[in-house]
Number of protein chains: 2
Amino acid sequence: MVETLAQGSVIGILGGGQLGRMLAVAASRLGFKTCIFEPGGDCPASHVSNYHFQKPYDDEDALRAFAEAVDVITYEFENIPTSALDILEPLKPVRPGRNALRVSQDRLVEKAFLSDLGLKTAPFAAVDEAEDLAEGLSEIGFPAILKTRRFGYDGKGQARINAASEAEAALEDMAGQPAILEGFVNFSHEVSVIGARGLDGSVACFDPGENVHEGGILRTTTVPARLSTKQRTDAVLLAGQILNKLDYVGVMGVELFVTEAGLVVNEIAPRVHNSGHWTQQGCTIDQFEQHIRAVAGWPLGDGGRYADVVMENLIGDDMDKVPAIAREAGAALHLYGKAEVKPGRKMGHVNRVVPARQS
Amino acid sequence: MVETLAQGSVIGILGGGQLGRMLAVAASRLGFKTCIFEPGGDCPASHVSNYHFQKPYDDEDALRAFAEAVDVITYEFENIPTSALDILEPLKPVRPGRNALRVSQDRLVEKAFLSDLGLKTAPFAAVDEAEDLAEGLSEIGFPAILKTRRFGYDGKGQARINAASEAEAALEDMAGQPAILEGFVNFSHEVSVIGARGLDGSVACFDPGENVHEGGILRTTTVPARLSTKQRTDAVLLAGQILNKLDYVGVMGVELFVTEAGLVVNEIAPRVHNSGHWTQQGCTIDQFEQHIRAVAGWPLGDGGRYADVVMENLIGDDMDKVPAIAREAGAALHLYGKAEVKPGRKMGHVNRVVPARQS
């Protein structure tokens, strides 16, 4: 028998960005309170939460007080310091668990985990020094991409290598951090599956979405994705495999390359995912509520898709488009309440239901 | 040119119940912050708001500080004391304006306002003393219902009179407050229109819903309502008339009786309305966001209905049904985070999309 979180319980969320914000709103729908742990002030999640610990992740007393104040702990980003988990884990359940973080925090560990499951990934090689890089390039060929093993997102900490002459500069870009060399995958398009696994072990996946990136940042996700029935089934099955293997609790994003030889796993994210924002307008239960349901021990909800949706991120100056979008039929805006517009900063998104439906 | 509230502006909400809670969530979607003024602690709206003034409505200093802290003021209930408005109005815009409150706070003023607009209402008579009551009963006949003119909701402050012998007791129930005698309307069913008017004067109405009450409390709202095309048009036109006449800004609930002789206005509520909760699952823009858009000077959003929905209130012990509802396909739960379950207390609601749609 799975223990279900009672009404009025407090869900602790590590990280106070837009994902935490939308998780907090979903938690409120189910009658839960939320407590954010986030070093930054005036963070998006704090606007819709009961409590905000504005403390750094290495403040051990604050972490203990946070664990004391909540009933279960989850997070909106995967780069939680291990030292923080060491303090939190003995005090309150952390969901998804450490194994998911261990795997997803390190690109090399992640690729090895996926390969061991029998899933296809890009060719890869560990790179700690110049010799490894030369060896990796001889195996993988050009172009290849060198990435830090840890703490990379949205295209940061990555260097493309088109020829042997560029290897040295790429390695310097890593600033001495352990790295991974990855080959390019010849794919037609990218899709992602947002999967969920409940505390009772049940698994449910949202319909895969098709992603378009610009400058390493997600631009749009479109459902339905261009996938054959077989590919669709494969996508869901491999997400289920990953979730089960990790004994996962919560929502996970799995990015996939669609190739002639089948689906290749690009990366996994142990959290709600930007490519799952369309579920807010396309499903009865969106990815945020699904995640809260899982970490609260509730049954997973009805994530069946009932509409075609295009999600578009509003990045930096895209905010100038908001007045026009506000007048569009079938357009649902989600703005994150960030005080300052910066280039490359995710300021909000819009879900366009296509075609706009009329009563 | 209408002045639009900038990102990060603060919307002040008088009242901290579930309507304030869902308004605060809608405000967050548009990048606004919220500040609740509510005497009660741990109120539903405070869980998802930035600030909470936990002060009584007659605390003048607190009201001034509240007005200082916000950019615009709205409310989730119509019984705002006039003395509080006297303080707030000169400091910040209050939307909807005082005229709407003046009309809806007093059943007699409301009925007279509607009659003057040429709209049908139940027959009514002012009752200040026994003589008025006798005269009213002779005009209206039996059964009739005596209600306090002010501060009644969910069936409180009302006494049914089936015969002359019951008149005295009914008047005593009013405890000396000014009252109104109303005749019964022979209606087949009740519907309500949730209408909205923007700061620019544009009007938009949601599709009417059909309401079922139990014990004076709303039990379910179903869309579409049983209405002919002509009735549907009439309903929307009369709501527009009311909104325009009041120079209204925001969302209003208009309850209507459906009779053979046409639509009879039961009452109006100058706020988001329980019978409009279905819009959360049936429309791109729900009543809460529509209200925030209006008071923030934004254009009204696309409220077209794209699904059939049955909204059911979860009252008191209905909370015992939550675990079962959590497993239903097509059921979206909205729980209010109230600490204590009490008989008759609205604890949450469920929107059931009918039939449940599958991807």
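Fair warning: this is a prediction, and the values are worked out from it, not measured in the lab. (Residues numbered from 1 in each chain as written. Chains lettered and ligands numbered in written order. Predicted model: local features only at pLDDT ≥ 70, side-chain atom pairs only at ≥ 80, totals over all residues. Heavy atoms only, no water.)

A. Spatial organisation of the pattern of salt bridges. Residue and element names in this part refer to chain A. Counting across every chain of the model gives 50 salt bridges over all chains. Residue E267 pairs with R107 through a salt bridge whose shortest N-O separation is 3.5 Å. Note that E267 is positioned in strand β14 (residues 262-269) and R107 in helix α5 (residues 107-116), a separation of 160 residues in sequence. Judged by its relative accessible area of 28%, E267 falls in the partly exposed class. The closest approach of N and O atoms between D207 and R232, which form a salt bridge, is 2.9 Å. Of this pair, D207 sits in the loop between β10 (203-205) and β11 (209-214) while R232 sits in helix α8 (residues 229-245); the two residues are 25 residues apart in sequence, bridging distant segments of the chain. Given a relative accessible area of 13%, D207 falls into the buried group. Residue classification places R232 among the partly exposed positions, given a relative accessible area of 23%. Each of R219, E312, D318, K321, E328 and R352 takes part in salt bridges that share partners, so that together they form one network. (Salt bridge = Lys/Arg side-chain N within 4 Å of Asp/Glu carboxyl O. Helix = DSSP H or I, 4+ residues; strand = E, 2+ residues; numbered from the N terminus. Buried < 20%, exposed > 50% of the residue type's maximum accessible area, 1.4 Å probe, protein only.)

B. Structural detail: the relation of the copies chain A and chain B. Once chain A has been moved 0.0 Å along the axis and rotated by 180 degrees, it coincides with chain B to within an RMSD of 0.0 Å. Viewed as a symmetry operation, the transformation between the two copies matches a two-fold axis. Measuring from the rotation axis to each C-alpha of chain A, the shortest distance belongs to V48 of chain A, at 2.0 Å. Interface overlap between copies is the fraction of interface residues in one copy that are interface residues in the other; for chain A against chain B it reaches 100%, indicating a shared surface. (Least-squares fit on C-alpha atoms with pLDDT ≥ 70 in both. Contact = heavy atoms within 4.5 Å.)

C. Molecular detail of the domain arrangement of chain A. Residues and elements named next belong to chain A. Per the domain assignment, the segments making up chain A are domain 1 (10-94), domain 2 (123-183) and domain 3 (189-353). Placing the centre of domain 1 and that of domain 3 at their C-alpha centroids yields a distance of 22 Å. Domain 1 puts 20 residues into the contact, and the matching count from domain 3 is 22 residues. Buried area between domain 1 and domain 3, summed over both chains or domains, comes out near 1800 Å², and the portion from carbon and sulfur atoms is 68%. Taken together, domain 1 and domain 3 are joined by 3 salt bridges. (Domains from an automatic or database assignment. Buried area = accessible area lost by both parts, 1.4 Å probe.)

D. Focus on empty space enclosed by the protein. Evaluation of the coordinates by the stated rule reveals 3 cavities of 30 Å³ or more. In this structure, the largest cavity spans a volume of roughly 660 Å³. Lining the largest cavity we find 39 residues, and of these V25 and R29 of chain A together with V25, R29 and D286 of chain B sit closest to its centre. Where the lining of the largest cavity is concerned, the elements lending two or more residues are α1 (18-29), α9 (279-282), α10 (287-295) and β16 (331-335) of chain A together with α1 (18-29), α9 (279-282), α10 (287-295) and β17 (331-335) of chain B. By residue class, the composition of the lining of the largest cavity is 20 nonpolar, 11 polar and 8 charged. (1 Å grid on protein atoms, 1.4 Å probe; cavity = no way out; pocket = protein on both sides within 12 Å on 5 of 7 lines; lining within 4 Å. Points joined across faces, edges and corners; volume = space filled by probe spheres on them. Nonpolar A, V, L, I, M, F, W, Y, C, P; charged D, E, K, R; others polar.)

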